[in-house]
Amino acid sequence: MANVIIIGNGPAGISTALYTIRAGIETTVIGKDFGALGKASEIENYYGFSQPISGKYLVQEGVEGAKRLGVHFISDEVLGLNFTDQFVVKTKNEDYSATSVVIATGTSRNTPKIKRLKELEGRGVSYCAVCDAFFYRGKDVAVLGDGEYALHEALELLQTSNSVTILTNGKTPNIVIPETIKVITTPIEALDGDEVLESVFFQDGSNLSVSGLFVAVGVAGSTDLAKKIGAATENNRILVDENMSTNIPGLYAAGDCTGGLLQISKAVYDGAKAGTAIIKELRNQKVKTA
Ligand SMILES: Cc1cc2nc3c(=O)[nH]c(=O)nc-3n(C[C@H](O)[C@H](O)[C@H](O)COP(=O)(O)OP(=O)(O)OC[C@H]3O[C@@H](n4cnc5c(N)ncnc54)[C@H](O)[C@@H]3O)c2cc1C
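Keep in mind it's a predicted model, so treat the numbers as computed, not measured.

This part takes up the domain arrangement of the protein. Domains assigned within the protein are domain 1 (3-108 + 221-289) and domain 2 (125-215). Using only C-alpha atoms to locate each centre, domain 1 and domain 2 end up separated by 31 Å. Each partner contributes residues to the interface: domain 1 has eight residues there, and domain 2 has eight residues. At the boundary of domain 1 with domain 2, total buried surface from both sides reaches about 720 Å², with 63% on carbon and sulfur atoms. Its largest share of buried area at the contact with domain 2, domain 1 owes to Leu79, Asp224 and Lys228, together 62% of the area lost on that side. For the pair domain 1 and domain 2, the number of links is one salt bridge. One salt bridge connects Glu153 with Lys228, and the closest N-O pair in it is separated by 3.0 Å. At the boundary of domain 1 and domain 2, one finds two residue pairs in polar contact (both at pLDDT 80 or more). Considering each element in turn, the side of domain 1 that touches domain 2 owes the most residues, three residues, to helix 5 (residues 222-228). Residues that form the side of domain 1 that touches domain 2 fall into these classes: one nonpolar, one polar and six charged.

With that settled, consider the packing of helix 1 (residues 11-22) against helix 2 (residues 55-69). Packed helix pairs are characterised by how far apart their axes lie and by the angle those axes make with each other. Helix 2 packs onto helix 1 with a crossing angle of 10° between their chain directions and a minimal axis gap of 10 Å. One element, helix 1, and the other, helix 2, form an angle in the roughly parallel class. Viewed along their axes, helix 1 and helix 2 form a crossing whose handedness is left-handed. Facing Ile14, Leu18, Ile21 and Arg22 of helix 1, the residues of helix 2 in contact are Gly62, Val63, Ala66 and Leu69.

An order of 12-13-14 is seen for the three strands of this open sheet, with the pairing classed as antiparallel. At either margin of the open sheet sits one strand with a lone partner, and together these are strand 12 (188-192) and strand 14 (207-209). Averaged over all adjacent pairs, the angle separating strand axes in this sheet is 15°, with direction ignored. Alignment of strand 12 against strand 13 (residues 199-202), held across four bridges, turns out to be antiparallel. Within strand 13, the position partnered with Leu191 by the bridge is Val200.

Right, let's get into the pairing of strand 2 (residues 26-31). By the criterion of burial, strand 2 is predominantly enclosed, with five of the six residues buried. As judged from the five bridges shared by strand 1 (residues 3-7) and strand 2, these two strands associate in the parallel manner. For Asn3, the partnering residue across the bridge sits in strand 2 and is Glu26. As for the winding sense of the linkage, the β-α-β connection from strand 1 through helix 1 to strand 2 is right-handed. In this structure, strand 2 lies alongside strand 3 (residues 72-75), joined through four bridges in parallel fashion. Following the sheet pairing, Val29 is matched in strand 3 by Phe73. Read from strand 2 through helix 2 to strand 3, the crossover connection turns out right-handed.

This part covers the packing of aromatic side chains. Counted by the stated rule, this structure contains three aromatic pairs. A centroid spacing of 5.9 Å and a plane angle of 80° characterise the contact between Phe134 and Phe135, whose relative ring orientation is edge-to-face. Sitting over the face of the ring of Phe134, Arg137 holds its NZ or CZ atom 4.0 Å from the ring centroid.

This paragraph deals with the site of the ligand. In the vicinity of the ligand there are 29 residues, among which Asp33, Asn45, Val78, Asp256 and Ile264 approach most closely. Between Pro11 and the ligand, the recorded distance is 3.3 Å, taken from a backbone N or O atom to an oxygen atom. Gln263 is positioned such that a nitrogen or oxygen atom in its side chain is 3.1 Å from an oxygen atom of the ligand. The fraction of the free accessible surface of the ligand (1000 Å²) that becomes covered by protein chains is 85%. Looking at side-chain class alone, the shell around the ligand contains 13 nonpolar, 10 polar and six charged residues.

Turning our attention to the packing of helix 1 against helix 6 (residues 264-289). Helix 6 packs onto helix 1 with a crossing angle of 35° between their chain directions and a minimal axis gap of 7 Å. In this structure, helix 1 meets helix 6 at a crossing whose hand is right-handed. Side by side, helix 1 and helix 6 meet where Pro11, Ala12, Ser15, Thr16, Tyr19 and Thr20 of the first sit next to Ile264, Ala267, Val268, Gly271, Ala272, Ala274, Gly275, Thr276, Ile278 and Ile279 of the second. Each residue belonging to the contact of helix 1 with helix 6 can be placed in one class, and the counts come to 10 nonpolar, six polar and no charged.

Further remarks concern helix 2. The first and last C-alpha atoms of helix 2 sit 22 Å apart over 15 residues, in line with the 21 Å expected at 1.5 Å per residue. Where helix 2 is buried, its residues touch helix 1, strand 3 and helix 6.

About the criteria used
Think of each chain on its own: its residues are numbered from 1, step by step along the sequence as written. A pLDDT threshold of at least 70 governs which residues receive local features in this predicted model, and a stricter bar of 80 or more applies before side-chain atom pairs are shown or counted, although totals over entire chains, interfaces and linings include all residues. Side-chain calculation: all heavy atoms of the structure are included, whereas hydrogens and water are not. An automatic or database domain assignment is the source of the domain bounds shown. The contact rule is simple, with two residues in contact once any of their heavy atoms fall within 4.5 Å. Buried area: the accessible surface (1.4 Å probe) lost by two parts on joining, summed over both. By convention in these notes, a salt bridge is any Lys or Arg side-chain nitrogen within 4 Å of a carboxyl oxygen on Asp or Glu. In protein, a polar contact requires one atom able to donate a hydrogen and another able to accept it; more generally it is a pair of N or O atoms within 3.5 Å, and residues adjacent in sequence count only if both atoms are side-chain atoms. Each helix corresponds to a stretch of at least 4 residues labelled H or I by DSSP, and each strand to a stretch of at least 2 residues labelled E; elements are numbered beginning at the N terminus. Gly falls in the polar group here, along with every residue not listed as nonpolar (Ala, Val, Leu, Ile, Met, Phe, Trp, Tyr, Cys, Pro) or charged (Asp, Glu, Lys, Arg). Note on definitions: angles span 0 to 180 degrees between N-to-C directions of axes, and those axes are lines fitted to C-alpha atoms, for helices only across the stretch in contact. The labels follow the angle: roughly parallel below 35 degrees, roughly antiparallel above 145, roughly perpendicular from 65 to 115, and oblique for the rest. By the definition used in this description, the sense in which the near helix is turned from the far one sets the handedness, with an anticlockwise turn below a right angle giving left-handed and a clockwise turn giving right-handed. Note on pairing: two strands pair once DSSP finds at least 2 bridges between them. Think of it in three bands: residues with accessible area under 20% of the maximum for their type are buried, residues over 50% are exposed, and the middle band is partly exposed, with areas taken using a 1.4 Å probe on protein chains only. Handedness of a crossover: with both strands directed away from the viewer, a clockwise path from the first strand across the helix to the second marks it as right-handed. Planes of paired rings set the category: under 30 degrees apart is stacked, over 60 is edge-to-face and the rest tilted, where pairs are Phe, Tyr or Trp rings (Trp by its six-membered ring) whose centres lie within 6.5 Å. Placement of a charge over a ring requires the Lys NZ or Arg CZ to be within 6 Å of the ring centre, with the centre-to-atom vector within 35 degrees of the ring normal. Residues are labelled near a given molecule or strand when at least one of their non-hydrogen atoms is within 4 Å of it. Accessibility throughout is a Shrake-Rupley quantity obtained with a 1.4 Å probe, and a residue counts as covered only by protein chains that appear here. Take the number of residues in a helix, subtract one, and multiply by 1.5 Å to get its expected span.

This is the structure in structure tokens:
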């Protein structure tokens, strides 16, 4: 049976869910926190409220309304996304399959301020293990991060690289790291290399020679997830057509992660467009297979 998984329980994700569930499509939303709205203490430019409301209140009400209609909610962090005969959404705790997926994870990207990091992007600095591991076969690489997402990327790289070191940049890792992966917790001073990345220098004067540094700080962001499955991105936003469809059939994106006006009203509009496009797509498939 057709089903949709929506990654993100912000206004874009919930708005999508309201459409798909009411069309009788099994709908699951996976989210991990309040998203951008968790930081908004007073909202007074969104339709329908006579008094300012908090972002958290809006999220809670959105989630409750969707639950009432039968949307299934999972509180978890999504780490990866791929496609076999269906989409597979990989979270910290489990893998879920779906016929359609919507990325509605908002816009933040955790790029730490490290000297020469930006300059070496694409020349040793990467943001996606599954996309770029191939280029570092048999080489020494490092992953920057200290959470589940960093571990996920490190394990991916371990399959093809000579060695993988997790660099926590001064943080205490909050994950269980297998012995096959080295860990350095010393704060990073700078990256180094002429044409391409050659080494990481630490604040205690030591250094580590690496050919690749994979940034996986915090959680997987929207463009990280999109890139893992080959969806087109540009300048930290996912590219979509007028129906919020990406270049991957069955994969949609909505809200802040697609750029444009970073406001609730636009996120809700995107969600409505994605939801109606999914309904149309699944109905067309049904007609073809009948
Ligand atoms: C301080 C502040 C004030 C604002 N004030 C206003 C305002 O007054 N009016 C207005 O219109 N807009 C305001 N905005 C903007 C508004 O919050 C956003 O435009 C809107 O929330 C975007 O909705 P979204 O659904 O695209 O993303 P978000 O609301 O950011 O939701 C993203 C969702 O994705 C989930 N997520 C992300 N990564 C993962 C992952 N790896 N695994 C699982 N789940 C994940 C999060 O848990 C969250 O549920 C404000 C933003 C901020 C930061």
